[in-house]
Amino acid sequence: MAVQYEDILENLLWFSSKLIGARTLFVSHIEETFKVIKVFNEEGCYLNEGMELSKDHAI
């Protein structure tokens, strides 16, 4: 059974959160828009996977 990149990202974000003590971490992609790909959130800020904003609103 192949490991999906979503599982890898989820594990990476969870581990990173524990290591640095952050409540919210995310992976995003920026080109014409800012798109949230994966979120780890333990009562931190409001981000949803798939959220997409223009670069002007994301920065």
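The structure reproduced in this document is the subject of the present report. (Residues numbered from 1 in each chain as written. Predicted model: local features only at pLDDT ≥ 70, side-chain atom pairs only at ≥ 80, totals over all residues. Heavy atoms only, no water.)

## Details of the pattern of salt bridges
Next up, step 1: By the definition in use, this model includes three salt bridges.
Next up, step 2: Note that K38 is salt-bridged to E10, the shortest N-O span being 3.6 Å. Of this pair, K38 sits in strand β2 (residues 33-41) while E10 is found in helix α1 (residues 5-20), placing the two residues 28 residues apart along the sequence.
Next up, step 3: Owing to a relative accessible area of 10%, K38 belongs among the buried residues under this scheme. (Salt bridge = Lys/Arg side-chain N within 4 Å of Asp/Glu carboxyl O. Helix = DSSP H or I, 4+ residues; strand = E, 2+ residues; numbered from the N terminus. Buried < 20%, exposed > 50% of the residue type's maximum accessible area, 1.4 Å probe, protein only.)

## Focus: the sheet that holds β2
Next up, step 1: Taken together, the three strands give an open sheet; going across it, the order is β1-β2-β3, and neighbouring strands pair in antiparallel fashion. Looking along the sheet, the strands with just one partner apiece sit at the ends: β1 (24-30) and β3 (52-54). Direction aside, neighbouring strands of the sheet carry axes that sit 30 degrees apart on average.
Next up, step 2: Alignment of β1 against β2, held across seven bridges, turns out to be antiparallel. The partner of T24 across the bridge, within β2, is N41.
Next up, step 3: Each of β1 and β2 touches α1; the most contacted strand, β2, lies at about 65 degrees to it. (Pairing = 2+ DSSP bridges. Axes fitted to C-alpha atoms, helices over the stretch in contact; angles between N-to-C directions. Contact = heavy atoms within 4.5 Å.)

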